[in-house]
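# Residue-level structure breakdown
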Amino acid sequence: MSNRHQVEPQSVNQALIQRGGGQTAYTGSQLEARRIVGHDMADSRPADAFRDLRTQLLARVGGNGLTLLVVPVAHGSGGSFVSTNLASAIAFDERRTVILVDCCLRAPMLHKRVGVSGDAFGLVDFLEGRVDRVEQVVHATGVPRVLLVPAGPRREASGDLLGSARMRLLLDSLRGASGNVTVILDAPAVAASPDARILSGLAELSVLVAGYGRDTPNAVKESTNVLDRVRLAGVVFNRVPA
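Rules of the game
- Residues numbered from 1 in each chain as written.
- Predicted model: local features only at pLDDT ≥ 70, side-chain atom pairs only at ≥ 80, totals over all residues.
- Heavy atoms only, no water.
- Helix = DSSP H or I, 4+ residues; strand = E, 2+ residues; numbered from the N terminus.
- Buried < 20%, exposed > 50% of the residue type's maximum accessible area, 1.4 Å probe, protein only.
- Contact = heavy atoms within 4.5 Å.
- Areas by Shrake-Rupley, 256 points an atom, 1.4 Å probe, with all protein chains shown as cover.
- Core = buried A, V, L, I, M, F, W, Y, C linked by side-chain atoms within 4.5 Å.
- Arc of directions from axis to C-beta.
- Pairing = 2+ DSSP bridges.
- Phe/Tyr/Trp six-rings, centres within 6.5 Å; stacked < 30°, edge-to-face > 60°.

## Some words on the overall build of the protein
Helix and strand counts for the protein stand at ten helices and seven strands. Expressed as a percentage of its 242 residues, the buried residues of the protein come to 53%. Restricting the contact set of the protein to residue pairs at least 6 apart, pairs at least 24 apart contribute 81%. Surface accessibility of the protein: about 10,900 Å² in total, with carbon and sulfur atoms responsible for 49%.

The following block contains the structure:
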């Protein structure tokens, strides 16, 4: 019997006030083991790279919060790696909170990376109407000021869910929780499904992640053609495998 519905829900505002919802923050070594950037890394270059990306993206929206799509060219390009580390870098600023949304409904993985139970209510539960309150699907993580909406139960037919009115309601509610909230949509690969095209219409900006030396220039070009070009902020070349 599933224990998913026994997970204690937490309000968005409560989680923001508690700067991570009360979950014990990862130590520097735990962050490093999970390949998540932190303040006190021995090698500061990865953190500096994500700080720079953060600064460029926030500058495009006047320093305010935003809804951002992070989408890889193909499986293994490192989209979730970039999503998680960009979230951590934005949350270095104690005035900001980031809410990661795992939109990879066919093969979710973010909950494992940031320490959220696989039994927790997630995106699919809200979109299919099993839960009514947005705060029921927002969970604390081990990364300070970073919250997660996990994917929930796996779904192969994900396009109708991600393009639904309830998805828009969820995003509006998450952004409305606080004036300094950034929502990052972690999307499946462009090459894997039409979900990236659907999600690009829900975000203010999009970032395409290409595996350095892995994804061909033609694959990158084809992927940019799928996304909303007006909202495409640029391409991040990632050297780290997913």
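Don't stop here, the text continues.
## Examining the nonpolar core
Counting residues in each nonpolar core, the largest one holds 39 residues, and the members touching the most others are Val-101, Leu-123, Met-167, Leu-174 and Leu-199. Setting aside residues no more than four positions away along its own chain, Val-101 makes contact with Leu-123, Val-149, Leu-174, Val-183, Ile-184, Leu-185 and Asp-186. One finds Ala-47, Val-98, Ile-184 and Val-236 within the second-largest nonpolar core, a separate group that totals 35 residues.

## Considerations on helix α10 (residues 217–226)
Three or more residues of α10 are buried, namely Val-220, Ser-223 and Thr-224. All buried residues of α10 project into a common sector of 100 degrees when viewed along the axis, lining one side. On its buried face, α10 sits against β6 (205–211) and β7 (232–238).

## Section: the pairing of β6
With respect to burial, β6 is a largely interior element, seven of its seven residues being buried. Where strand β1 (residues 67–72) and β6 come together, five bridges link them in parallel fashion. Residue Val-71 lies in a different strand from β6, and its bridge partner there is Leu-208. With six bridges joining them, β6 and β7 adopt parallel strand pairing. Bridge pairing links Ser-206 to Leu-232 in β7.

## Some remarks on the packing of aromatic side chains
Per the counting criterion, the structure on display carries one aromatic pair. With 5.9 Å between their ring centres and 70 degrees between their planes, Phe-50 and Phe-81 make a pair best called edge-to-face. With Phe-50 in helix α3 (residues 45–59) and Phe-81 in helix α4 (residues 79–90), the pair connects residues that are 31 residues apart, well separated along the chain. Note on Phe-50: relative accessible area 9%, which makes it buried.

## Considerations on the sheet that holds strand β4 (residues 146–149)
On the basis of which strands lie adjacent, the open sheet formed by seven strands has the order β3-β4-β2-β5-β1-β6-β7 and mixed pairing. Strand pairing shows two members of the sheet lacking a second neighbour, β3 (139–140) and β7, which therefore form its edges. Sheet analysis places strand β2 (residues 97–102) next to β4, joined by four bridges and oriented parallel. Bridged to Val-98 within β4 is Val-146.

## Notes on the pairing of β4
A two-sided burial pattern is seen for β4, the buried positions comprising Val-146 and Leu-148 on one face and Leu-147 and Val-149 on the other. Sheet topology note: the β3/β4 ladder contains two bridges and is antiparallel. Bridge pairing in β4 places Ala-140 opposite Leu-147. Hairpin connection between β3 and β4: a loop of five residues separates the two successive antiparallel strands, and Arg-145 in this loop has a positive phi of roughly 65 degrees.

This is a description of form; function is not addressed.
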